[in-house]
Amino acid sequence: MTPELAGRRIAIISMLVSAALAAAKITIGMHAASTATVSDGIESAGDVLASGLVLLGLIIAAKPPDAEHPYGHGRLETLSALAVGMLLAATGVLIAFESLHISHDTARPQAYAVWPLIASIVIKSIMSASKRHYGRKIQSSGLIADAWNDTVDILSGATALLGLGLTLLAPDRFSAADRFGGSAVGVIVIFLGIRVVHDTVVQLMDTMPDPEAMNRIRITGLTVPGVLGIEKCFARKTGLKWHVDMHLEVDPAMSVFQSHEIATQVKEKIRSEVDWVADVLVHVEPHMLATISNSPNGKS
């Protein structure tokens, strides 16, 4: 199974699991009169839509380039991550607001409301690790964003469990802890949504990868015989992979055909050895030291 296919299957499984957890937490939370459990269930319901957006992004991003989209359709995968972040922030605001506006006269929560929260923490821990692993493997912003979504589920579940637990242990002293636990879940979700939005906006602004990654591209290109230097090297992410623009320096005395062959070798070598690069656009330039040495007077 390819990593891309595995990523899609994880997104589908995530939708089904989140739907089951949401139904369990909301149903049990309402019957047990636990605001924190219901709030965490609403957050899980938002996960269903979030995973659906990630799945849609992965499917469309896998489409090959066409005349209207020569760089492929990968940006939609990044946009799906942006949508996940915005959805998380909106869901968090709703949860925090509704939790604080629930009547103080509601019935005391029941102890069995803790079980769906415990189950959610365990299941989401497994899902978060799986999504982060495959997200990094296939360079999927959407899947990594969904992994962060599951991570906050763990934190929100623990927060809801703490609030509910305090109310159960000392109902007279901490009668409002369950409601405040539900509101705290909302605040956590808001901050996660802001983080996901920030990370995806950085990608949409064509931010370069880290210097170590760029150095790997340069070193790979310089190993091709005939390459005398690399003046410039840029990269931008278009979904699951990166597109590289490179200014290659060669001997100015060689023919256009020879320089073209060297550029083609550089392109193919980088694509074969650096798996996160989708394509390389090579611009050939004369190497300045070679130009000086080849001039009649030793001057350019």
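Above this text sits the structure in question.
Residues numbered from 1 in each chain as written. Predicted model: local features only at pLDDT ≥ 70, side-chain atom pairs only at ≥ 80, totals over all residues. Heavy atoms only, no water.

*Asks:* Please clarify how the pattern of salt bridges should be interpreted in this entry.
*Replies:* Once their charged atoms are close, side chains differing in charge can pair, the charge on each being opposite to the other. One pass over the structure, following the stated rule, counts four salt bridges. The salt bridge partner of Asp150 is Lys124, with a shortest N-O separation of 3.1 Å. Here Asp150 is found in helix α5 (residues 141–169), whereas its partner Lys124 is found in helix α4 (residues 114–137), with 26 residues between them in sequence. Of the two residues examined, Asp150 and Lys124, each falls in the buried class. Between Lys131 and Asp150 there is a salt bridge whose closest N-O contact spans 2.7 Å. Here the residue Lys131 occupies a position in helix α4, and Asp150 occupies one in helix α5, the gap between them amounting to 19 residues. On the basis of relative accessibility, which here comes to 1%, the residue Lys131 falls in the buried class. One salt-bridge network, held together by shared partners, links Lys124, Lys131 and Asp150. (Salt bridge = Lys/Arg side-chain N within 4 Å of Asp/Glu carboxyl O. Helix = DSSP H or I, 4+ residues; strand = E, 2+ residues; numbered from the N terminus. Buried < 20%, exposed > 50% of the residue type's maximum accessible area, 1.4 Å probe, protein only.)

*Asks:* How do you make sense of the environment of Leu222 when you look at a structure like this?
*Replies:* The topology assignment puts Leu222 in helix α7 (residues 211–222). For the pair Leu222 and Val266, spaced 44 residues apart in sequence, the C-alpha to C-alpha distance is 8.1 Å. Leaving out residues up to four positions away in the same chain, Leu222 has contacts with Val227, Gly229 and Ile230. (Contact = heavy atoms within 4.5 Å.)

*Asks:* Is there a simple way to think about the packing of aromatic side chains in this case?
*Replies:* Aromatic ring pairs are defined here through the distance separating the ring centres and the angle between the ring planes. Following the criterion strictly, the structure yields one aromatic pair and no others. Aromatic pair Trp242 and Trp276: ring centres 6.2 Å apart, planes at 80°, arrangement edge-to-face. Here Trp242 is found in strand β2 (residues 241–250), whereas its partner Trp276 is found in the loop between α8 (256–273) and β3 (277–286), with 34 residues between them in sequence. (Phe/Tyr/Trp six-rings, centres within 6.5 Å; stacked < 30°, edge-to-face > 60°.)

*Asks:* Any chance you could explain α4 here in plain terms?
*Replies:* For the α-helix, the turn length of 3.6 residues means that residues three or four positions removed from each other point alike. The terminal C-alpha atoms of α4 lie 35 Å apart, and with 24 residues this matches the ideal 34 Å at 1.5 Å per residue to within 8%. All of the buried residues along α4 are Val114, Pro116, Leu117, Ser120, Ile121, Lys124, Met127, Ser128, Lys131, Arg132 and Gly135. Among the residues trailing α4, Gln139 stands out with phi positive, at a value near 55°. (Expected span 1.5 Å × (residues − 1).)

*Asks:* What exactly am I supposed to notice about the side chain of Lys124 here?
*Replies:* Taking the relative accessible area as the measure of exposure, Lys124 reaches 0% and is therefore buried. Of the polar contacts made by the side chain of Lys124, one reaches the side chain of Asp150; its length is 3.1 Å. Those residues in contact with Lys124 that lie beyond four places of it in its chain are Ser18, Leu21, Asp47, Asp150, Asp153 and Ile154. (Polar contact = N/O pair within 3.5 Å; in protein donor to acceptor, adjacent residues only side chain to side chain.)

*Asks:* Teacher, can you tell me more about unusual backbone geometry here?
*Replies:* Glycine aside, the phi torsion of most residues is negative, and most peptide linkages are trans. Of note, Ala33 is a non-glycine position whose phi angle comes to about 60°, a positive value. Looking at where Ala33 falls in the secondary structure, it is placed in the loop between α1 (3–31) and α2 (35–61). Under the relative-accessibility criterion, Ala33 is labelled partly exposed at 25%.

*Asks:* Sorry, what's going on with a nonpolar patch on the surface here?
*Replies:* The grouping of Tyr112, Trp115, Ile118, Val122, Ile123 and Ile126 at the surface amounts to a nonpolar patch, some 600 Å² of accessible area in total. Locating Ile118 in the fold gives a position in helix α4. Judged by its relative accessible area of 34%, Ile118 is partly exposed. (Patch = residues over 30% accessible without salt bridge, like charges linked within 9 Å, V, L, I, M, F, W, Y side chains within 5 Å. Areas by Shrake-Rupley, 256 points an atom, 1.4 Å probe, with all protein chains shown as cover.)

*Asks:* What am I meant to see in the sheet that holds β2 here?
*Replies:* Here we have three strands laid out as an open sheet, ordered β1-β2-β3, and mixed in their pairing. Of all the strands in the sheet, the pair left with one neighbour each is β1 (229–238) and β3. Averaged over all pairs of adjacent strands, the angle between strand axes in this sheet comes to 15°, irrespective of strand direction. Note that β2 and β3 share nine bridges and pair parallel. The partner of His243 across the bridge, within β3, is Asp279. The strands that α7 touches are β1, β2 and β3; relative to β1, the one it contacts most, it runs at about 130°. In this fold α8 packs onto β2 and β3, with an angle of close to 150° to the strand it touches most, β3. (Pairing = 2+ DSSP bridges. Axes fitted to C-alpha atoms, helices over the stretch in contact; angles between N-to-C directions.)

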